[in-house]
Amino acid sequence: MELLRRNLIDYGQEHLLRFWDQLSDEERNELCNDISELNLMEVTSYYQKAMYVSSIHRNTLNDKVSPIPEDIIASTKTTSMKQLRIYEKLGLQEVSDSRVAVLLMAGGQGTRLGVSYPKGMYNVGLPSGKTLFQLQAERILRLQNIAEEEHGKQGQITWYILTSEVTHDETVAFLSEHNYFNLKEDNVKIFKQGMLPCFTLEGQIILDEKHKISKAPDGNGGLYRALKVQGILDDMKQRGIRSVHVHSVDNILVKVADPIFLGYCLSSCTDCGVKVIEKSSPSESVGLVCKVEDTYQVVEYSEISKETAELRYDNGQLMYNAASICNHYFTVDFLHAIGNDYEKEMELHAAKKKIPFIDADGHRCIPTSPNGIKIEKFVFDVFKFAKRLVVWEGIREEEFSPLKNADSTGQDCSSTARKDVLKLHKKWLLSAGATSVIGDVEVAPLLSYAGENLSFVKGQSFNGPYVLE
C-alpha cells in the first residue's frame, strides 16, 4: 500500500486514495487493481502529449496544406469500365484465395441514437428489419459467392470485430444468438480495444466512484495496439491474410471488402489505401485527406480557413475535396510494422468532454459543461508511416450514409440511412429493367452486393414494403 502511495505521489496522482478510509476491503482491492493496471509514467505522458497536440491544432494549417497529388488518387467516376473490371477481378481473386479480412470498428454505443446498446445492433426500419451487423455480414457472404463464381474457388473472408469495454459482451452475445448470420463461427473474431483514464483539465486522473477510476476507450486508433496485444496480428498471419479492409460500423451503405477498392490497392502495390468521397460543398463539416508538408493526413474542417476550403481548380472542382469516411485498406505487413514499431509514435488527441466525477466531499457529480479530457488515437494517424499511400474516390450515393444522430435531427440518422438504402436499391432495380418501383422495396445483400444478379426483375413492377431475397 505504501509503495502504491509513493508511486502516485511521484506522478501527482495521490488524490486517488483520498477516500481510502471510507472504503470496504473489497472496494480497496478494486481500487488497488485499477491503479496497478495503469502504467503511470505512460498515461501521464499521454496527457502531456495530447494537450501539446491539441494546442498545435488550434492553429490553421493553411500555409502547410496542399491537395492530394493526381498520381496517387483515382475515382470510380473517371476510371473506365474496363479498368474497373480489372480491379474488381483482382479483388475477387484475393477473396477467392482467402487473403482478405474485414476489420469492423464497433466500439461505440448508440447513445446519440437514443439507445444504450452497441450501434451495430441498431435497426433503421428497413422492410427486412435487419441490423447494421446483419447487413454487413450478409455482404461478406455474397462477396464470397461472387468470388467463387468468378474464380471457381470458395474463399473465406475473416471478420474481425473491434469492440470496447462497454460493447463487447453484448456484441458477442448478439452475434452468437444470431449464429453469426451464417458466417462460420471460426471466421468471426471479436476483440476489445484498450481503455485509458480520463483526466481533469489540469491533468489529474478522475475518480468515477470513490473506489473506481474513470476510463474511456482509447479511440479508433487504439485498434493498432489491440491488434497486437489481443493476438489478432498473429491470427491474420496464420490464416495467410494479406489485405485488410477497415471501416466503422455506422455507415449503412459500406461496400464491405469492396473488390474494386481492393484491386486498386493491390495493383498500386500500396501498404495503405484510403477511400474518400467528394465533398458535398466547401462548408461540409468533414475531415479531409490531404498533404501537410511532407506527409498525408486527415485534416479537420476547422483546421483550414473558409478561403482555403473554397479554392477550386480551373474545371470548377474543389481543390480540397477528398472527404474522409473512415474506410481504409492496409496490408498485414503494414499493420505488423505499426504494432511493433510505430504505434508508440502515433499522435494523441485530447477531447474535452463532460465526465462524471467524485468531488472533494465524496459526492458524485454530473457536469453540465466539459470538465475533463478523454485521450484518443485516430485510425488515420498511421498514414505518415506508409511507404506508399493511395486514395480511391467512391460515389456518395452508393457508398456512404452515416448513422450518428437521433431521428429528431433529420441528418445522419435512421430516417436518412433508410431513405438512402431504399433509393439506391430502387436505382438498381430500374437499371436492371424493372418497370416501376413504388414504396419501400429492399434488395437483400445475399441477393445482390452492388446491383448485380437482378436480371430476373426485367419487366416486373414492385410495390413496397417488400424485400427481394
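Residues numbered from 1 in each chain as written. Predicted model: local features only at pLDDT ≥ 70, side-chain atom pairs only at ≥ 80, totals over all residues. Heavy atoms only, no water.

## So, the overall build of the protein
Inference 1: Scanning the protein from terminus to terminus reveals 13 helices and 24 strands.
Inference 2: A compact globule built from 469 residues should have a C-alpha radius of gyration of about 23 Å, and the protein, at 24 Å, falls within 12% of that.
Inference 3: Taken along its principal axes, the extent of the C-alpha atoms in the protein is 80 × 55 × 45 Å.
Inference 4: Buried positions account for 54% of the 469 residues belonging to the protein.
Inference 5: Of all intrachain contacts in the protein linking residues separated by at least 6 positions in sequence, the fraction that spans at least 24 positions is 75%.
Inference 6: With the model as given, the accessible surface of the protein reaches about 21,300 Å², and the carbon-plus-sulfur share is 46%.
Inference 7: Computing the positive centroid from 53 side-chain charges and the negative centroid from 65, the protein places the two 3 Å apart. (Helix = DSSP H or I, 4+ residues; strand = E, 2+ residues; numbered from the N terminus. Rg over C-alpha atoms; globule rule 2.2 N^0.38 Å. Buried < 20%, exposed > 50% of the residue type's maximum accessible area, 1.4 Å probe, protein only. Contact = heavy atoms within 4.5 Å. Areas by Shrake-Rupley, 256 points an atom, 1.4 Å probe, with all protein chains shown as cover. Lys, Arg positive; Asp, Glu negative; His and termini not counted. Charge placed at Lys NZ, Arg CZ, Asp CG, Glu CD.)

## Thoughts on helix 9 (residues 259-267)
Inference 1: In terms of burial, helix 9 is largely enclosed, as eight of its nine residues are buried.
Inference 2: Residues Pro259, Ile260, Phe261, Leu262, Gly263, Tyr264, Cys265 and Leu266 constitute the buried set of helix 9.
Inference 3: The N-cap of helix 9, judged by a side-chain oxygen 3.1 Å from the amide nitrogen of Ile260 a few residues on, is Asp258.
Inference 4: The first or second residue beyond helix 9 is Cys269, which carries a positive phi of 50°. (Polar contact = N/O pair within 3.5 Å; in protein donor to acceptor, adjacent residues only side chain to side chain.)

## Details of the pairing of strand 19 (residues 372-376)
Inference 1: Note that strand 7 (residues 199-200) and strand 19 share two bridges and pair antiparallel. By the bridge assignment for strand 19, Thr200 is matched with Gly372.
Inference 2: Relative to strand 19, strand 16 (residues 349-353) runs antiparallel, the two sharing five bridges. Note on strand 19: the bridge partner recorded for Lys353 is Gly372. (Pairing = 2+ DSSP bridges.)

## Here's the deal with the side chain of Asp34
Inference 1: Positionally, Asp34 belongs in helix 2 (residues 25-36).
Inference 2: Not counting chain neighbours up to four residues away, the residues in contact with Asp34 comprise His211, Lys212, Ile213 and Lys215.

## Concerning the packing of aromatic side chains
Inference 1: Evaluation of the coordinates by the stated rule reveals 11 aromatic pairs.
Inference 2: With a centroid separation of 6.0 Å and an interplanar angle of 40°, the aromatic rings of Phe133 and Phe174 are classed as tilted. With Phe133 in helix 5 (residues 132-151) and Phe174 in helix 6 (residues 168-177), this residue pair connects regions lying 41 residues apart in the sequence. One exposure class covers both Phe133 and Phe174, and it is buried.
Inference 3: Between Tyr224 and Phe330, the ring centres sit 6.1 Å apart and the planes meet at 75°, which makes this aromatic pair edge-to-face. Of this pair, Tyr224 sits in helix 7 (residues 223-229) while Phe330 is found in strand 15 (residues 322-331), placing the two residues 106 residues apart along the sequence. (Phe/Tyr/Trp six-rings, centres within 6.5 Å; stacked < 30°, edge-to-face > 60°.)

## Brief notes about the state of the cysteines
Inference 1: Summed over the entire model, instances satisfying the criterion amount to zero disulfides.
Inference 2: Summary of cysteine pairing: Cys198 is not part of a disulfide, and the nearest cysteine sulfur, belonging to Cys365, is at 15 Å. (Disulfide = S-S within 2.5 Å.)

## A closer look at the sheet that holds strand 7
Inference 1: Spatial ordering of the open sheet is given by 7-19-16, a layout of three strands whose pairing is antiparallel. Edge positions in the open sheet fall to strand 7 and strand 16, since each of these has one partner strand only.

## Topic: the pairing of strand 20 (residues 389-394)
Consecutive side chains along a regular strand alternate between the two faces of the sheet.
Inference 1: Across the six residues of strand 20, six count as buried, placing the element largely inside the fold.
Inference 2: Burial along strand 20 is two-sided: Leu389, Val391 and Glu393 facing one way and Val390, Trp392 and Gly394 facing the other are all buried.
Inference 3: Examined bridge by bridge, strand 2 (residues 73-75) and strand 20 share three bridges and lie parallel to one another. Opposite Ser75, over in strand 20, you have Glu393 as the bridge partner.
Inference 4: Summarising the sheet, strand 12 (residues 272-278) and strand 20 pair through six bridges and their orientation is parallel. Looking at the pairing, Val274 lines up with Val391 of strand 20.

## What to know about helix 4 (residues 81-96)
Inference 1: When the terminal C-alpha atoms of helix 4 are compared, their 22 Å separation across 16 residues agrees well with the 22 Å that a helix rising 1.5 Å per residue should span.
Inference 2: Taken residue by residue, helix 4 has Leu84, Tyr87, Gly91, Leu92, Glu94, Val95 and Ser96 as its buried positions.
Inference 3: The inward-facing, buried residues of helix 4 abut strand 3 (100-105), helix 5, strand 11 (243-248), helix 9 and strand 20. (Expected span 1.5 Å × (residues − 1).)

## Describing the environment of Thr111
Inference 1: Tracing the sequence through the fold places Thr111 in the loop between strand 3 and helix 5.
Inference 2: Thr111 sits in the exposed class, given a relative accessible area of 57%.
Inference 3: The sequence separation of Thr111 and Ala406 amounts to 295 residues, and the corresponding C-alpha distance is 8.9 Å.

## Regarding the pattern of salt bridges
Inference 1: The tally for this structure, following the rule as stated, stands at 28 salt bridges.
Inference 2: For Asp235, the salt bridge goes to Arg239, with nearest N and O atoms at 2.7 Å. Taken as a pair, Asp235 and Arg239 lie in helix 8 (residues 232-239) at a separation of four residues, close to a single helical turn.
Inference 3: Here Glu310 and Lys306 are joined by a salt bridge, their closest N and O atoms 3.0 Å apart.
Inference 4: In this structure Glu310 comes out as partly exposed when scored by relative accessible area, which is 38%.
Inference 5: When salt bridges that share partners are traced, they join Glu42, Arg225, Glu343 and Lys377 into one network. (Salt bridge = Lys/Arg side-chain N within 4 Å of Asp/Glu carboxyl O.)

## Description of the packing of helix 4 against helix 5
Inference 1: Packing of helix 4 against helix 5 brings their axes to within 9 Å, and their N-to-C directions diverge by 105°. With respect to helix 5, the element helix 4 is oriented roughly perpendicular. The segment helix 4 lies against helix 5, with Arg85, Lys89, Leu92, Gln93, Val95 and Ser96 engaging Leu143, Gln144, Ile146, Ala147, Glu150 and His151.
Inference 2: Of the residues assigned to the contact of helix 4 with helix 5, the class counts are five nonpolar, four polar and three charged. (Axes fitted to C-alpha atoms, helices over the stretch in contact; angles between N-to-C directions. Parallel < 35°, antiparallel > 145°, perpendicular 65-115°, else oblique. Nonpolar A, V, L, I, M, F, W, Y, C, P; charged D, E, K, R; others polar.)

Everything listed here is a matter of coordinates, which is why it stays silent on function.
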